[in-house]
Amino acid sequence: MATTSGPRTRTGRITFFISLAVFAQESTWNLYDSQVPPLLREHITSAALVGLLMGMDNLLGIFIQPWMGNRSDNTRTAWGRRIPYLVVGMPLAALLFLAIPHAAAALPPLILVMFAYALTANSFKPIAESLLPDFIPPQRRSRANAVVKIASSLTVMVAALISIFLIDDFPAASFAIPAALMVASAAVLGLKLRDSRSPGYQAALAEDRERPRAASRQARVRDVVLDIVRDPDRSRLLLIVSILVFGGAWAASRALITPYGMEALGLSRGDAGGLTLPSGVAFIVAAYPVAVLAERFGRLRVMMAGMTVFAAGLVLGTVVHTPTGVMLGLCVAAAGASAFLVNAVVVLWNLAPSGGVVGTYTGLYTVGWVGGGFLGPAVVGGMVDLTSWSLMLIHVSILAAVAVLVVARVSALRRRSEAGHGSP
């Protein structure tokens, strides 16, 4: 009995610390997505250009995150391979985030600070997320990741509450709240967590001892990517494509929602930023059940169903074209999106050939996600320029429908592969 309860307690403790790290990071990113677009619109009128600049952080992530994930895979310290990067990077990113509203008087310094913050925050984003497969066994990763995503979704509510109650009266001071959360989280992680004790880190040490030094070249990002691209089974490659497409849909629905509320619904900046508040609750309610359903019915099948619900929610928000209708549609969409956000990275982790490249695979997941985050707002913003703000949610739903088709292809390939190997 003691042996069973011990690992469970430790797993819960580890999940809490990982959730704390993600919560602190995402609290800055969600306020960034919600309130930086209005700062840009004080200098820029084109929705497409605002979307392009809001996607700049995602473009940086495409190059930074796989490299940093791979670098952490190959780091060996007394603290482990992830924590050293977090305790340095998170406080620095907090300071840069705090500077954003103070640089908003002119466009060049605003873009410069946005660039510096995005570069720093992207550097440790995949590292924090890679802690989960380091500690949690494959069969439990969906449930643990659901808890992490619940923590992440709470930051949507935090950003919405800041938008509603503080941003109109205290636009600069509002940025201090997420920055303080990030600094506090870095301190807790540095004091309480050593990923050198994780099963993933210990397995990496064992691999180091077993393989010859020349074989260490196999852990490079380039070789990992080539392995995925050259694999006759396109499952991993198509999964990353689906992450890119759905990531674009999700990012557009978040980065452009404040100007959408202002332009299409006639709301104030603060009220428009608060449109996502109820959807944060919907995500929290749905996240853990979709993890359980995924373990029972299959992760890919649940992901497809969730993306379909996401698109349907956005159509609902367009048809019922009122603030209440939009919030209801966003709630339905967020509940559906949770199926993808909870399970997609778990599918990719479980397809990795070795625990020694988990950080690199996390980086590749985020390449797909931030690649979509870069392209999605710009593409949807361009569609808005061609049509109108009132159709913005419909444009996002089209991207989601494309992602459903890609995941359906991945599912077909996995069924074929499992049948060929006689897997259940």
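Before reading further, recall that the structure is shown in the block above.
Just so it is clear, the model here is predicted, and its values are computed rather than measured. (Residues numbered from 1 in each chain as written. Predicted model: local features only at pLDDT ≥ 70, side-chain atom pairs only at ≥ 80, totals over all residues. Heavy atoms only, no water.)

> I'd like a rundown of the overall build of the protein chain, residues and numbers included.
Scanning the protein chain from terminus to terminus reveals 17 helices and 0 strands. A compact globule built from 424 residues should have a C-alpha radius of gyration of about 22 Å, and the protein chain, at 21 Å, falls within 12% of that. In terms of overall dimensions, the protein chain has a C-alpha envelope of 60 × 45 × 45 Å along the principal axes. A burial count over the protein chain gives 56% of its 424 residues as buried. The long-range fraction of contacts in the protein chain, counting pairs at least 24 apart against all pairs at least 6 apart in sequence, stands at 83%. As displayed, the protein chain offers around 16800 Å² of accessible surface, 67% of which is attributable to carbon and sulfur atoms. For the protein chain, the distance from the average site of its 34 positive side-chain charges to the average site of its 22 negative ones is 10 Å. (Helix = DSSP H or I, 4+ residues; strand = E, 2+ residues; numbered from the N terminus. Rg over C-alpha atoms; globule rule 2.2 N^0.38 Å. Buried < 20%, exposed > 50% of the residue type's maximum accessible area, 1.4 Å probe, protein only. Contact = heavy atoms within 4.5 Å. Areas by Shrake-Rupley, 256 points an atom, 1.4 Å probe, with all protein chains shown as cover. Lys, Arg positive; Asp, Glu negative; His and termini not counted. Charge placed at Lys NZ, Arg CZ, Asp CG, Glu CD.)

> I'd like to hear about the nonpolar core, residue by residue, with values.
Membership of the largest hydrophobic core comes to 120 residues, with the highest contact counts inside it found for Tyr-32, Leu-86, Ile-100, Phe-246, Phe-310, Phe-340 and Met-392. If you tally residues by element for this core, the top one is helix α15 (residues 323–351), at 15 residues. Filtering out sequence-adjacent residues up to four positions away, Ile-100 remains in contact with Tyr-32, Val-36, Leu-39, Leu-110, Val-113, Tyr-117 and Phe-175. (Core = buried A, V, L, I, M, F, W, Y, C linked by side-chain atoms within 4.5 Å.)

> Help me get a handle on the layout of surface pockets, residues and values and all.
A volume near 480 Å³ is recorded for the largest pocket. Lining the largest pocket we find 14 residues, and of these Gly-298, Arg-299, Leu-300, Arg-414 and Glu-418 sit closest to its centre. Among the elements of the structure, α13 (277–297), α14 (299–319), α15 and α17 (392–421) are those that each provide at least two residues to the lining of the largest pocket. For the lining of the largest pocket, a count of residues per class yields 5 nonpolar, 3 polar and 6 charged. (1 Å grid on protein atoms, 1.4 Å probe; cavity = no way out; pocket = protein on both sides within 12 Å on 5 of 7 lines; lining within 4 Å. Points joined across faces, edges and corners; volume = space filled by probe spheres on them. Nonpolar A, V, L, I, M, F, W, Y, C, P; charged D, E, K, R; others polar.)

> So what about the side chain of Ser-196? Which residues, and what values?
Within the secondary structure, Ser-196 is located in the loop between α7 (176–192) and α8 (199–210). The exposure class of Ser-196 is buried, given its relative accessible area of 13%. In this structure Ser-196 touches Thr-77, Ala-78, Trp-79, Gly-80, Tyr-201 and Gln-202, once residues within four positions along its chain are discounted.

> Give me the pattern of salt bridges: which residues, what numbers.
In this structure the tally under the stated criterion is 11 salt bridges. With its nearest N and O atoms 3.5 Å apart, the salt bridge here joins Lys-125 to Glu-129. Placement of the pair is Lys-125 and Glu-129 together in helix α5 (residues 107–135), with a separation of 4 residues, close to one helical turn. Considered together, Lys-125 and Glu-129 belong to a single accessibility category, that of buried residues. Here Asp-233 makes a salt bridge to Arg-414, at a shortest N to O gap of 2.9 Å. You can see Asp-233 sitting in the loop between α9 (221–230) and α10 (235–255) and its partner Arg-414 sitting in helix α17, a full 181 residues away along the chain. According to the relative accessible area criterion, Asp-233 is partly exposed, its value standing at 22%. Among the charged side chains, a salt-bridge network with shared partners connects Asp-73, Arg-81, Arg-82 and Asp-134. (Salt bridge = Lys/Arg side-chain N within 4 Å of Asp/Glu carboxyl O.)

> Please set out the environment of Asn-145 residue by residue, giving values where relevant.
Structurally, the position occupied by Asn-145 is in helix α6 (residues 141–165). We classify Asn-145 as buried; its relative accessible area is 4%. Expressed as a C-alpha distance, the spacing of Asn-145 and Phe-135, which sit 10 residues apart in the sequence, is 12 Å. The residues touching Asn-145, leaving out its near neighbours within four places in the chain, are Leu-132, Leu-341, Val-342, Val-345, Val-346 and Trp-349. There is a polar contact of 2.7 Å between the side chain of Asn-145 and the backbone oxygen of Val-342. (Polar contact = N/O pair within 3.5 Å; in protein donor to acceptor, adjacent residues only side chain to side chain.)

> Talk me through the packing of helix α4 (residues 83–99) against α7; I want residue IDs and the actual numbers.
The contact between α4 and α7 brings their axes to 9 Å, and the two run at 165°. Taken together, the axis directions place α4 and α7 in an arrangement best described as roughly antiparallel. As α4 packs across α7, the resulting crossing turns out to be left-handed. Each of Ile-83, Leu-86, Val-87, Met-90, Pro-91, Ala-93, Ala-94, Phe-97 and Leu-98 in α4 lies in contact with α7, whose residues at this interface are Ala-176, Pro-178, Ala-179, Met-182, Val-183, Ser-185, Ala-186, Leu-189 and Gly-190. Of the residues assigned to the contact of α4 with α7, the class counts are 16 nonpolar, 2 polar and no charged. (Axes fitted to C-alpha atoms, helices over the stretch in contact; angles between N-to-C directions. Parallel < 35°, antiparallel > 145°, perpendicular 65-115°, else oblique. Left-handed = near helix turned anticlockwise from the far one by under 90°.)

> Any chance you could break down the packing of aromatic side chains for me, citing the residues and the numbers?
Throughout the structure, instances matching the rule amount to 11 aromatic pairs. Pairing Tyr-365 with Trp-369 gives two aromatic rings, centres 6.3 Å apart and planes at 10°, and the pair type is stacked. Placement of the pair is Tyr-365 and Trp-369 together in helix α16 (residues 358–386), with a separation of 4 residues, close to one helical turn. Take Tyr-365 and Trp-369: they sit in the same class, and that class is buried. (Phe/Tyr/Trp six-rings, centres within 6.5 Å; stacked < 30°, edge-to-face > 60°.)

> Pulling in residues and values, what's your account of empty space enclosed by the protein?
One pass over the full model with this rule turns up 3 cavities of 30 Å³ or more. Within this model, the largest cavity holds a volume of roughly 580 Å³. Residue lining of the largest cavity: 33 residues in total, with Glu-26, Asp-33, Lys-125, Trp-250 and Trp-369 positioned closest to the centre. Listing elements by their share of the lining of the largest cavity, those giving two or more residues are α1 (2–41), α3 (56–73), α5, α6, α10, α13, α15 and α16.

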